[in-house]
Amino acid sequence: MEQLIQNMIDYIEKTFRNDCSGHDYFHTLRVYRTAVKLAEQEGADPLTVALAALLHDADDFKLSPETYPDKDNARRLMRENAVAEETAEAVIRIIEQVSFAGTDSVTPDTIEGRCVQDADRLDALGAIGIARAFAYGGSHQRLMYDPDEKPSYGMTKEEYQKHVSSSVNHFYEKLFLLKDMMTTASGKRAAEDRERFMKDYLDEFYREWDGKDIG
Ligand code: ADP
Ligand code: NI
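The shown structure was predicted, so the numbers you read here are calculated from the model rather than taken from an experiment. (Residues numbered from 1 in each chain as written. Chains lettered and ligands numbered in written order. Predicted model: local features only at pLDDT ≥ 70, side-chain atom pairs only at ≥ 80, totals over all residues. Heavy atoms only, no water.)

**Q** Explain the overall build of the chain to me, using residue names and the numbers behind them.
**A** From N to C terminus, the chain includes ten helices and zero strands. Across the chain, helices and strands are ordered from the amino to the carboxyl terminus as α-α-α-α-α-α-α-α-α-α. Over its C-alpha atoms the chain spans a radius of gyration of 18 Å, differing by no more than 12% from the 17 Å that the globule rule assigns to 215 residues. In terms of overall dimensions, the chain has a C-alpha envelope of 65 × 35 × 30 Å along the principal axes. (Helix = DSSP H or I, 4+ residues; strand = E, 2+ residues; numbered from the N terminus. Rg over C-alpha atoms; globule rule 2.2 N^0.38 Å.)

**Q** Pulling in residues and values, what's your account of the site of ligand 1?
**A** Neighbouring residues of ligand 1: 13 residues in total, closest His 23, Lys 62, Arg 142, His 170 and Lys 174. Residue Ala 133 places a main-chain N or O atom 3.4 Å away from a nitrogen atom belonging to ligand 1. Measuring from an oxygen atom of ligand 1, one finds a side-chain N or O atom of Lys 174 at 2.8 Å. Considered on its own, ligand 1 offers 540 Å² of accessible surface; in the complex 94% of this is hidden by protein. Residue assignment for the shell around ligand 1 shows that the elements contributing at least two residues are helix H7 (126–139) and helix H9 (167–178). Of the residues that constitute the shell around ligand 1, the class distribution is four nonpolar, three polar and six charged. (Near = heavy atom within 4 Å. Polar contact = N/O pair within 3.5 Å; in protein donor to acceptor, adjacent residues only side chain to side chain. Areas by Shrake-Rupley, 256 points an atom, 1.4 Å probe, with all protein chains shown as cover. Nonpolar A, V, L, I, M, F, W, Y, C, P; charged D, E, K, R; others polar.)

**Q** An account of the layout of surface pockets is requested, with residue identities and associated values reported.
**A** By rolling a water-sized probe across the atoms, one finds the places where empty space is left. Taken as a whole, the largest pocket holds about 1000 Å³ of empty space. Put simply, the parts of the chain that give the lining of the largest pocket at least two residues each are helix H5 (85–98), helix H6 (111–122), H7, helix H8 (157–162) and H9. Sorting elements by how many residues they give to the lining of the largest pocket places H9 first, with six residues. Of the voids in this model, the second largest pocket is the one considered here, and its volume is about 200 Å³. Around the second largest pocket, the lining residues are Arg 30, Arg 33, Thr 34, Lys 37, Leu 38, Gln 41, Leu 122, Ser 186, Gly 187, Ala 190 and Arg 194. Listed by contribution, the elements that provide at least two residues to the lining of the second largest pocket are helix H2 (25–42) and helix H10 (185–209). With six residues, H2 is the largest single contributor of residues to the lining of the second largest pocket. (1 Å grid on protein atoms, 1.4 Å probe; cavity = no way out; pocket = protein on both sides within 12 Å on 5 of 7 lines; lining within 4 Å. Points joined across faces, edges and corners; volume = space filled by probe spheres on them.)

**Q** Report on the coordination of the nickel ion (ligand 2), specifying residues and quantitative values.
**A** Bound to the nickel ion (ligand 2) on the protein side are His 27 (NE2), His 56 (NE2), Asp 57 (OD) and Asp 120 (OD), at distances that span 2.1 to 2.7 Å. Mapping the donors of the nickel ion (ligand 2) onto the primary sequence gives the spacing H-x28-H-D-x62-D. In this pair, His 27 is assigned in helix H2 and Asp 120 in helix H6, connecting sequence segments 93 residues apart. In this pair, the class of His 27 matches that of Asp 120, namely buried. (Donors = N, O, S within 2.8 Å, 3.2 Å for Na, K, Ca; no water. Buried < 20%, exposed > 50% of the residue type's maximum accessible area, 1.4 Å probe, protein only.)

**Q** So what about unusual backbone geometry? Which residues, and what values?
**A** Glycine aside, residues mostly have negative phi angles, and peptide bonds mostly take the trans form. Even without glycine at this site, Lys 71 takes up a positive phi of about 55°. Structurally, the position occupied by Lys 71 is in the loop between helix H3 (46–55) and helix H4 (72–80). Of note in this structure, Ala 82 is not a glycine but carries a positive phi near 55°. Mapping Ala 82 onto the fold places it in the loop between H4 and H5.

**Q** Pulling in residues and values, what's your account of the nonpolar core?
**A** Met 8, Tyr 32, Leu 51, Leu 55, Met 78 and Val 116 are the most contacted members of the largest nonpolar core, which totals 36 residues. For this core, the elements supplying multiple residues, two or more each, are helix H1 (2–16), H2, H3, H4, H5 and H6. Not counting residues within four places of it along the chain, the set of residues in contact with Met 78 comprises Met 8, Leu 51, Leu 55, Val 83, Ala 88, Val 91 and Ile 92. Among the nonpolar cores identified, the runner-up in size contains 19 residues, and Ala 124, Leu 125, Phe 176 and Ala 191 belong to it. (Core = buried A, V, L, I, M, F, W, Y, C linked by side-chain atoms within 4.5 Å. Contact = heavy atoms within 4.5 Å.)

**Q** Can you explain the packing of aromatic side chains? Please cite residues and give values.
**A** Taken as a whole and assessed by the stated rule, the structure comprises 13 aromatic pairs. For the pair Phe 61 and Tyr 68, a centre-to-centre distance of 5.4 Å together with 70° between the ring planes defines the contact as edge-to-face. For Phe 61, a relative accessible area of 37% gives the class partly exposed. The interplanar angle of 50° and the centroid separation of 6.0 Å between the aromatic rings of Phe 134 and Phe 171 together place this pair among those described as tilted. (Phe/Tyr/Trp six-rings, centres within 6.5 Å; stacked < 30°, edge-to-face > 60°.)

**Q** With reference to specific residues and values, describe the pattern of salt bridges.
**A** Applying the stated criterion across every chain, the model contains 13 salt bridges. Residues joined by salt bridges that share partners form a network here, namely Lys 179, Asp 180, Glu 195 and Lys 199. (Salt bridge = Lys/Arg side-chain N within 4 Å of Asp/Glu carboxyl O.)

Structure below.
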């Protein structure tokens, strides 16, 4: 298993090293480490979880639209590394189920999938989540905050994918929805702490925006 995992890590490092949209190599590495921890606590199959976490963004809709429909990169890597057919199919199914899609989001039907989904969502929360949101916004020429803009709630997958808004708005439109969507016990606990930190951060952000800390 170790060599197999290392090969996957090497591929992800090579492919995502220079991404500045919040999907960099280190995002995948954090998701992998968190997912493996959740898997231990939930009694999930470690190999399936590790592979799905490492490959979850390899055919991302935004980064690799041409391989997104059939998950070509993930399939090829697993074939090249002689992953058993059954495991590979379980991994592909997880990759198809994990991503956030507004009101069209699904809960994976396996505990392995739920560990990967919670790990991916945790990385969008807390101090790291804040950094990723502003990095994503900057790389897509979005404002960090627009006081005149109101969040849109209840978006479908299509509406969410087309939607353009400031990075602070993204906190309300996606990030603060995640805590209640967590499905593993330790994932939910960590999400609560991370969300609390983000809300404190926004309180301070608005305080400074309005200059209330001056004078
Ligand atoms: P993943 O599939 O890895 O969870 P996404 O592709 O949805 O993530 O987003 C990657 C990162 O960019 C996340 O941290 C997410 O919060 C952030 N992000 C996505 N869309 C926006 C947006 N419109 N504004 C600000 N940040 C965003
Ligand atoms: Ni991800």
